[in-house]
Amino acid sequence: QKEVEQNSGPLSVPEGAIASLNCTYSDRVSQSFFWYRQYSGKSPELIMSIYSNGDKEDGRFTAQLNKASQYVSLLIRDSQPSDSATYLCAVNTRDTNAGKSTFGDGTTLTVKP
Amino acid sequence: EAGVTQFPSHSVIEKGQTVTLRCDPISGHDNLYWYRRVMGKEIKFLLHFVKESKQDESGMPNNRFLAERTGGTYSTLKVQPAELEDSGVYFCASSQEFNTEAFFGQGTRLTVV
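The following refers to the structure shown. (Residues numbered from 1 in each chain as written. Chains lettered and ligands numbered in written order. Predicted model: local features only at pLDDT ≥ 70, side-chain atom pairs only at ≥ 80, totals over all residues. Heavy atoms only, no water.)

Looking at the sheet that holds strand β6 (residues 54-58) of chain A
Residue and element names in this part refer to chain A.
- Across the sheet, five strands lie side by side as β1-β3-β8-β7-β6; this open sheet has antiparallel pairing. Because the sheet does not close on itself, it has two edges, and the strands there are β1 (4-6) and β6. Recorded for the sheet is a direction-independent mean angle of 15° between the axes of neighbouring strands.
- Summarising the sheet, β1 and strand β3 (residues 19-25) pair through three bridges and their orientation is antiparallel. Of the residues in β3, the one forming a bridge with Gln6 is Cys23. (Pairing = 2+ DSSP bridges. Helix = DSSP H or I, 4+ residues; strand = E, 2+ residues; numbered from the N terminus. Axes fitted to C-alpha atoms, helices over the stretch in contact; angles between N-to-C directions.)

A short note on the environment of Pro25 of chain B
Residues and elements named next belong to chain B.
- In this structure, Pro25 sits in the loop between β3 (19-24) and β4 (31-37).
- Residues Pro25 and Lys78, 53 residues apart in the sequence, show an inter-C-alpha distance of 17 Å.
- With residues up to four places along the chain from it excluded, the contact list for Pro25 reads Val4, Leu32, Arg69, Thr73, Tyr74 and Ser94. (Contact = heavy atoms within 4.5 Å.)

Observations regarding the interface of chain B and chain A
- With 20 residues of chain B at the contact, the number on the chain A side is 25 residues.
- Between chain B and chain A lies a buried interface of about 1,700 Å² when both sides are counted; carbon and sulfur atoms form 49% of it.
- Counting across the chain B and chain A interface gives one salt bridge.
- Between Lys100 of chain A and Asp56 of chain B there is a salt bridge, with the nearest N and O atoms lying 3.8 Å from each other.
- Where chain B packs against chain A, one counts seven residue pairs in polar contact (both at pLDDT 80 or more).
- No other element matches β4 of chain B, which puts three residues into the side of chain B that touches chain A. (Buried area = accessible area lost by both parts, 1.4 Å probe. Salt bridge = Lys/Arg side-chain N within 4 Å of Asp/Glu carboxyl O. Polar contact = N/O pair within 3.5 Å; in protein donor to acceptor, adjacent residues only side chain to side chain.)

Quick notes on the sheet that holds strand β7 (residues 65-68) of chain B
Residue and element names in this part refer to chain B.
- Taken together, the four strands give an open sheet; going across it, the order is β1-β3-β8-β7, and neighbouring strands pair in antiparallel fashion. Across the chains shown, the open sheet's two edge strands, defined by having one partner strand only, are β1 (5-7) and β7. Averaged over all neighbouring strand pairs, the angle between strand axes comes to 15°, with direction disregarded.
- The pairing of β1 with β3 spans three bridges and is antiparallel. The partner of Thr5 across the bridge, within β3, is Asp24.

Describing the nonpolar core
All names here are of chain A.
- Ranked by internal contacts, the top residues of the largest apolar core, which has 23 residues, are Trp35, Val72, Leu74, Ile76 and Tyr87.
- For this core, the secondary structure elements donating two or more residues are β3, β4 (30-38), β5 (45-50), β7 (61-66), β8 (71-76), β9 (85-93) and β11 (107-112).
- Setting aside residues no more than four positions away along its own chain, Val72 makes contact with Leu21, Asn22, Cys23, Phe33, Trp35, Ile50, Gln64, Leu65 and Cys89. (Core = buried A, V, L, I, M, F, W, Y, C linked by side-chain atoms within 4.5 Å. Buried < 20%, exposed > 50% of the residue type's maximum accessible area, 1.4 Å probe, protein only.)

Brief notes about the pairing of strand β9 (residues 88-95) of chain B
All names here are of chain B.
- Most of β9 sits inside the fold, with eight of its eight residues counted as buried.
- Here β4 runs beside β9; their pairing, made up of seven bridges, is antiparallel. Directly across from Trp34, in β9, lies its bridge partner Cys92.
- Here two bridges tie β9 to strand β10 (residues 103-104), and the two strands are oriented antiparallel to one another. By the bridge assignment, Ala93 is partnered in β10 with Phe104.

A few points about the packing of aromatic side chains
- Tallied over the entire structure, the rule returns 12 aromatic pairs over all chains.
- Centre to centre, the rings of Phe91 of chain B and Phe104 of chain B are 6.1 Å apart; their planes meet at 75°, and the pair counts as edge-to-face. In this pair, Phe91 of chain B is assigned in strand β9 and Phe104 of chain B in strand β10, connecting sequence segments 13 residues apart.
- A relative accessible area of 3% means that Phe91 of chain B is categorised as buried.
- Three or more aromatic residues joined by ring pairs form one cluster here, namely Phe34, Tyr36, Tyr51 and Phe103 of chain A together with Tyr33, Tyr35, Phe45, Phe91 and Phe104 of chain B.
- It is Arg60 of chain A that lies over the ring of Phe61 of chain A; its NZ or CZ is 5.5 Å from the centre. (Phe/Tyr/Trp six-rings, centres within 6.5 Å; stacked < 30°, edge-to-face > 60°. Lys NZ or Arg CZ within 6 Å of the ring centre and 35° of its normal.)

Keep in mind these numbers describe shape, not what the thing actually does.
In structure tokens form, the structure reads like this:
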């Protein structure tokens, strides 16, 4: 089992719809959770971070964390063609010596005009 | 404020040669990470510096890889001798605080032929 798993893509939604990206993780001591967006050939760009259970909203983006279910998601409202990219879920553990992130494979999102 | 910069952006070398990658983190960021993405795989952690010290090098694949961060500023990652399986994109990231958001550089695409 992979440490961080993302829903298999590609995911395609029409413009204006809600895109839902899901991520599960296996390490119960995980503490910090990040969503990165990566355009083709570009570097991962941090778009959301979440550290406690519940929802965190930033513009059209909402991250949801449920530590009991070991689940973190990203919702993109009013999806735009410019949101088309690969979305990476990254998880950090609570280990005080570990600042590293463990990444999922990524989910490729296509928003169709 | 300048972001994380990496040099070179691309490198093509022959098997057996040596290559050195450089990363300049965001000014003031004590934490510097190296990651690698090989074709078709997820981004994987290589190592983590805190200032000039190696905090975690558990992801380094073998002793052909040597990372340094003299003076706690920029870092280099040397591969010697390079093998075909070393091909991939090498990302550097930095963060101000431990276990918080990391900002990525554009990556160095290494091709070993």
